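Structural characterization, general
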Amino acid sequence: MSVDHSGFSTQAIHVGNEPDRITGDIIPPVHIASTFVMDGVGILRAGYDYGRGTNPTRDAYQVTLGALEGGEAVAFPAGLSAEDTLLRVLSRPGDHLTFSSDVYGGTYRLFTRIHAAEGRKWSEVDAGDLDAVEQDLAANRPRVLWVETPSNPLLDVYDIAALAQLAHAYGALLVVDNTFASPYLQRPLALGADAVIHSTTKYIGGHSDLVGGAAIVASNLVVPEGIEPWTDNGLVSEELVLLQTATGAIPSPEDSYKATRGLKTLAVRVDRQSRSALEIADFLEVDPRVKTVNYPGLPSHRGHQLALSQMSGGFGGVLSFTVATPEDAIRVCESTQTFSLAVSLGAVESLIEYPATMTHGTKEGSATAVDPSLVRLSVGLEDVEDLIADLDRALG
Ligand SMILES: *Cc1c(COP(=O)(O)O)cnc(C)c1O
């Protein structure tokens, strides 16, 4: 099944963005108030009482994002805060969590240090090996199977529909971190996933000026059997909001506004980033100074066919490649001028980084450590000729 793009940008621009009824502002004002005046004791004028609970700017942003992912969206102050809150809603201490062995480093730390210390058990599995996934599900009976696709930093592509089916057969829920694809290229809920996670710091914000996250869940999803819900109906979307209010894990009105603005240009940015990334991948693939190129848009990539079937509109702006030696990789990372040496991805500025010690340093020396000759690029919106010339120079 592929993503239906009809109306994506129209929704991104208009859903949740109605002009102000009194003044006509075409952009709804950013509501920065921490508290809201009541018309009587307990009589709220428009349903708002205190900024930790709800805020009109955050509400509108959640409506837009929910429409684009096809579920109920709850926004958080960081991707990891969204992940942490979702895990608390979907599992309890003593439960097992299974995750793909190449999840984001911060996600790995959240599972294996924070939630493990609270009594949750965990295992890692190669999400590309469905037999291995089934064995893990049968042996550990996890509450949650957690994957990222395309993955980081090798851009592996995992079969969301097949993983959802497997997870459900063993009583687990499938969570997909959709940060790399963005809702423009891939909508996991439509493919059978139960929940989606975003670091909105990346493509959704898109301008390197906010840290944020979101969880988007199927609107009828309830907490798994055996978990005592905090709300009356046990709806996961409402459990997330309750936990958010109870712990204060809220994004600011300003960040909610920036993410809302980012969503409006998401499609045009990702279109351009995907096109440029493919051109750069084509350039690198035939360059003798480069050993391997990882980009799902390349027909030579092992995930290309699967990406074609579950993504649409492009393959994203992130790619990675290996050079002859670790020293060469470090030299390339330190030699570019248009690509800035920095972690993160998804913004208008192109970034280059050295995964072995930067984004994936927590895995150094482990069985799943990253190839020390690998370089990762996040392609921005600069002219692609300049980006290719920059890499050509840096490769030396
Ligand atoms: C950055 C990132 C996260 C963490 O998000 P923060 O906004 O930094 O908390 C999670 N998953 C992926 C795939 C990421 O790239």
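Report follows, based on the coordinates. The residue numbering used here restarts from 1 in each chain and proceeds along that chain's sequence as written. Where local features are concerned, this predicted model is filtered to residues with pLDDT of at least 70; where side-chain atom pairs are given and counted, the filter is 80 or more; whole-chain, interface and lining totals use all residues. Hydrogens and water molecules were not included; the side-chain quantities draw on all heavy atoms of the structure.

Quick notes on the overall build of the chain
For helices the rule is a DSSP run of H or I covering at least 4 residues; for strands it is a run of E covering at least 2, with both sets numbered from the N terminus onward. Each helix and strand in the chain was counted, giving 13 helices and 14 strands. Radius of gyration: over C-alpha atoms. The globule rule applied is 2.2 Å multiplied by the number of residues raised to the 0.38 power. On C-alpha atoms alone, the chain measures out to a radius of gyration of 21 Å, which is about the 21 Å that the 2.2 N^0.38 rule sets for 396 residues. Principal axes of the C-alpha set define a box for the chain whose edges measure 75 × 55 × 35 Å. Summary of the burial criterion: residues with accessible area below 20% of their type's maximum are buried, those above 50% are exposed, and those between are partly exposed, where the area comes from a 1.4 Å probe applied to protein chains only. The buried share of the chain, reckoned over its 396 residues, is 55%. Contact between two residues is taken to exist if any of their heavy atoms lie within 4.5 Å; hydrogens are not considered. Across the chain, the fraction of contacts at a sequence separation of at least 24, relative to all contacts at a separation of at least 6, is 70%. Method for areas: the Shrake-Rupley scheme with a 1.4 Å probe, in which residue coverage is limited to the protein chains shown. Carbon and sulfur atoms make up 54% of the accessible area of the chain, which amounts to about 16300 Å² in all.

Some remarks on the packing of helix α10 (residues 266–285) against helix α13 (residues 384–394)
Lines fitted to C-alpha atoms define the axes, with helix axes restricted to the stretch in contact, and inter-axis angles between N-to-C directions lie between 0 and 180 degrees. Viewed as axis vectors pointing N to C, α10 and α13 meet at an angle of 35°, and their least axial separation amounts to 10 Å. Note on packing geometry: the crossing formed by α10 with α13 is right-handed. Contacts from Ser276, Glu279, Ile280 and Phe283 in α10 reach Val384, Leu387, Ile388, Leu391 and Asp392 in α13. Each helix crossing is assigned a hand: it is left-handed if the near helix lies turned anticlockwise from the far helix by less than a right angle, otherwise right-handed if that turn is clockwise.

Structural notes on the sheet that holds strand β11 (residues 318–323)
One bridge is not enough; two strands pair if DSSP finds at least two bridges between them. Here five strands make up an open sheet; going across it, the order is β10-β11-β14-β13-β12 and the pairing mixed. With one partner strand each, in any of the chains shown, β10 (290–294) and β12 (340–341) form the two edges of the open sheet. Of the pairings in the sheet, the one linking β10 to β11 comprises four bridges and is antiparallel in character. Its bridge partner being in β11, valine 290 is matched across the sheet by valine 323. With respect to the sheet, α10 is in contact with β10, β11 and β14 (374–378), its orientation differing from that of β11 by roughly 15°.

Some remarks on the site of the ligand
When at least one non-hydrogen atom of a residue lies within 4 Å of a molecule or strand, that residue is treated as near it. Taken together, 13 residues sit near the ligand, with Leu80, Asp177, Ser199, Thr201 and Lys202 positioned nearest. Any pair of N or O atoms that falls within 3.5 Å is considered a polar contact. Within protein, one atom must be able to donate a hydrogen and the other to accept it, and sequence-neighbouring residues count only if both atoms are side-chain atoms. At 2.7 Å, a side-chain N or O of aspartate 177 approaches a nitrogen atom of the ligand. At 3.4 Å from an oxygen atom of the ligand is found a main-chain nitrogen or oxygen belonging to glycine 212. Ranked by the residues each element gives to the shell around the ligand, the list is headed by helix α3 (residues 79–90), at three residues. Three classes are used: nonpolar for Ala, Val, Leu, Ile, Met, Phe, Trp, Tyr, Cys and Pro, charged for Asp, Glu, Lys and Arg, and polar for all others, with Gly counted as polar. Within the shell around the ligand, the residues separate by chemical class into four nonpolar, five polar and four charged.

Quick look at helix α2 (residues 56–69)
Given 3.6 residues to a turn, an α-helix orients residues that are three or four positions apart in the same direction. With 14 residues, α2 extends 20 Å between its outermost C-alpha atoms, agreeing within 8% with the 20 Å of an ideal straight helix rising 1.5 Å per residue. Here α2 lies mainly inside the structure; ten of its 14 residues are buried. Inspection of α2 places Pro56, Thr57, Arg58, Tyr61, Gln62, Thr64, Leu65, Gly66, Leu68 and Glu69 among the buried residues, and these make up the whole buried set. Its side-chain oxygen at 2.8 Å from the backbone nitrogen of threonine 57, asparagine 55 defines the N-terminal cap of α2. Multiplying 1.5 Å by the helix residue count minus one yields the expected span of that helix.

Considering the nonpolar core
Here, nonpolar core refers to any group of buried Ala, Val, Leu, Ile, Met, Phe, Trp, Tyr and Cys residues whose side-chain atoms link them within 4.5 Å. Grouped together as the largest cluster of nonpolar side chains are 58 residues, with contacts concentrated most on Ile280, Leu284, Leu319, Phe321 and Leu377. With eight residues, α10 is the single largest residue contributor to this core. Contacts of leucine 377, omitting those with residues within four sequence positions, involve Ile280, Leu284, Gly317, Val318, Leu319, Phe321, Phe339, Leu351, Ile352 and Leu391. In terms of nonpolar packing, the next biggest core, distinct from the first, is built from 28 residues, Val74, Ala82, Leu90 and Leu221 among them.

Things to note about the sheet that holds strand β8 (residues 195–199)
Taken together, seven strands build an open sheet; the order of strands is β3-β9-β8-β7-β6-β4-β5 and the sheet is mixed. With one partner strand each, in any of the chains shown, β3 (72–76) and β5 (121–125) form the two edges of the open sheet. Across this sheet, the average inter-strand angle for adjacent strands is 20°, counted without regard to direction. Looking at chain direction, β8 and strand β9 (residues 213–217) are connected through five bridges and run antiparallel. Residue pairing in the sheet places serine 199 in a bridge with glycine 213 of β9. Running at roughly 155° to β5, helix α4 (residues 105–117) makes contact with β4 (96–100), β5 and β6 (144–148) of the sheet. Sitting on the sheet, helix α6 (residues 160–169) is in contact with β6 and β7 (173–177), with an inclination near 150° to β7.

So, a nonpolar patch on the surface
Excluding any residue in a salt bridge, patches collect residues exceeding 30% relative accessible area, merging like charges within 9 Å and nonpolar Val, Leu, Ile, Met, Phe, Trp and Tyr side chains within 5 Å. Should a side-chain nitrogen of Lys or Arg be within 4 Å of a carboxyl oxygen of Asp or Glu, the pair is scored as a salt bridge. Taken together, the side chains of Leu341, Val343 and Met358 make up a nonpolar region of the molecular surface, amounting to roughly 240 Å² of accessible area. By the secondary structure assignment, methionine 358 is in the loop between β13 (351–353) and β14.

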